[in-house]
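# Structural description and commentary
Okay, here's what each chain looks like letter by letter:
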Amino acid sequence: MSERVPLETCDLLIEAGWVVPIVPHGVVLEDHAVAISGGRILALLPSAEAASRFLPKETVRRPEAALIPGLVNAHVHNPMTLLRGVADDLPLKVWLQQHIWPIEAAVLSQGFVEDGVQLAIVEMLRGGTTCCNENYFFPDVQAATYAKHGFRALVGLPVIDFPTAWAASDDEYFERAGAVHDQWKGHPLVATAFAPHAPYTVGDANFERIRMLADQLDIPVHLHLHETAQEVQQSIDKHGQRPLARIDRLGLLNDRLIAVHMTQLTDAEITLCAQRGVSVVHCPESNLKLASGFSPVCKLLAAGVNLAIGTDGCASNNDLDMVGETRTAALLAKAVAEDAAGFPAFEALRAATLGGANALGLGERIGSIEVGKEADLACIDLSAPETQPLHHVISQLVYAAGRRQVSDVWVAGVRKLDRGDVVGIDLDAVLASAGSWRERIARVRPA
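Attention here is on the structure that accompanies the text. (Residues numbered from 1 in each chain as written. Predicted model: local features only at pLDDT ≥ 70, side-chain atom pairs only at ≥ 80, totals over all residues. Heavy atoms only, no water.)

## Let's talk about the pairing of strand β2 (residues 29-37)
Looking along a regular strand, one sees side chains alternate from face to face of the sheet. With 7 bridges joining them, strand β1 (residues 8-19) and β2 adopt antiparallel strand pairing. When the bridges of β2 are listed, Ala 16 appears paired with His 32. In this structure, β2 lies alongside strand β3 (residues 40-46), joined through 6 bridges in antiparallel fashion. Across the sheet, Val 34 pairs through a bridge with Leu 44, a residue of β3. Counted between consecutive antiparallel strands, the loop separating β2 from β3 contains 2 residues, among which Gly 38 sits at a positive phi close to 60°. (Pairing = 2+ DSSP bridges. Helix = DSSP H or I, 4+ residues; strand = E, 2+ residues; numbered from the N terminus.)

Take a look at the structure:
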């Protein structure tokens, strides 16, 4: 008679009707479970096998849900949740220069940033997002707020060629960037990147300084690039070359670059981005709303460029809904390429998970459900009428599911959403704070 093999202990066992691990490519695993211990994925195996192998401290059973990697919002300005809807239906330059910047000049502060980020965390968790790539002022406050709530973030260190409430001079921008980077280096959830605003607001000298420091510190560079035709023409008029060529001349066109928007691209520029390992963040809804243009997603994918998806900020989207953004990205790409097969559902889901993780330099840690990776996970309930009948799981996730169907979320194995309820955040206090900021902004808002 053989001896009975003792059960392995684990912190958490999640049993789901379907698991979409992202790696291997296009796979959907039915009736599978994920075992988690110490915040990391210990095993991915059939639920029946899991029951005979593991002794979990906690078991979560979601037989009608799909378990996916947490969504990665690869471009946000999350304090701007407090500016949601203040200046709609305007072109980019008018929206930014005549409305957003004047309001920010009046209200931008540490409290504004903290309260805006906290509101954003609630919205992101309720929509299955577990990681974001942040680009705003007071990165020290952002980092502390994300860490406080156990949310994963790449926090941008802002550089722009004019004084703000964050810094008054070029030297101060870089001094404060260095201090924030040093403070958060090695943190399990918060990392940093340089975040120069755009080619039209940052000069050559500061870009060269960023290139040198990014290489030394081994961190990414997060940049709005080729967002509009006007930006491209302005660069030609001022510098005698397109923005991408200028960025290349300054040594920043490489695998550290997170290039956001990229709506105005030639075939040669697409090839160059692929050769240099540039990651492109597609923000379709913001681009549509500001009439900025259409990113050639299918061409980028075909060339081998790493694609990620971002919502942009709530002042130009107006939400942080990565479920909806992924659907828009998939549909818009087909229309632009005039190719219904050009950006399939799985490629869109991959861009919203592992593509984003790779862009942020976190692809070895998150973005797919693989043994050894950190357990950033989301459950999406597919039992609702809107996602029935269930013929193809990935198609339903991308083309039919809504963010209200996100039931459960974990970041590094820690539960952050429990059957739709945010864990550990006082929702009433967050909403009261948002109302207070609405009143303050109304007093300074341009007519």
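Structure shown, so let's carry the discussion forward.
## So, the nonpolar core
Core analysis: the largest hydrophobic core is formed by 112 residues, its most contacted members being Phe 112, Tyr 146, Phe 194 and Phe 343. Ranked by residues supplied to this core, first place goes to helix α3 (residues 110-126) with 9 residues. Here Phe 194 is in contact with Leu 157, Val 159, Phe 174, Ala 177, Ile 210, Leu 213, Ala 214, Leu 217, Ile 219, Pro 220, Val 221 and His 222, once residues within four sequence places are set aside. (Core = buried A, V, L, I, M, F, W, Y, C linked by side-chain atoms within 4.5 Å. Buried < 20%, exposed > 50% of the residue type's maximum accessible area, 1.4 Å probe, protein only. Contact = heavy atoms within 4.5 Å.)

## Remarks on the packing of aromatic side chains
Centre distance and the angle of the planes are the two values used to describe a pair of aromatic rings. Summed over all chains, the structure comprises 6 aromatic pairs. Here Phe 112 and Trp 437 contribute two aromatic rings whose centre-to-centre distance is 5.3 Å and whose plane-to-plane angle is 85°, an arrangement assigned as edge-to-face. Separated by 325 residues along the polypeptide, Phe 112 in helix α3 and Trp 437 in helix α15 (residues 427-444) bring together distant segments of the chain. In this structure, Phe 112 and Trp 437 share a single accessibility class: buried. Relative to Trp 166, the ring of Phe 138 lies with its centre 5.5 Å away and its plane at 70°, an arrangement referred to as edge-to-face. (Phe/Tyr/Trp six-rings, centres within 6.5 Å; stacked < 30°, edge-to-face > 60°.)

## Considering the side chain of Asn 306
Mapped onto the elements, Asn 306 comes out in strand β12 (residues 306-309). One polar contact links Asn 306 to Ser 279, side chain to side chain, over a distance of 2.9 Å. If sequence neighbours within four positions are ignored, Asn 306 has contacts with Val 278, Ser 279, Val 280, Arg 350, Gly 355, Asn 358 and Ala 359. (Polar contact = N/O pair within 3.5 Å; in protein donor to acceptor, adjacent residues only side chain to side chain.)

## Focus: the sheet that holds strand β14 (residues 406-411)
Pairing is mixed in the open sheet, where 8 strands are placed in the order β3-β2-β1-β4-β13-β14-β15-β16. The open sheet is flanked by β3 and β16 (421-422), the only strands paired with a single partner. Relative to strand β13 (residues 377-381), strand β4 (residues 54-69) runs antiparallel, the two sharing 5 bridges. Counted as the bridge partner of Ala 65 is Asp 381 from β13.

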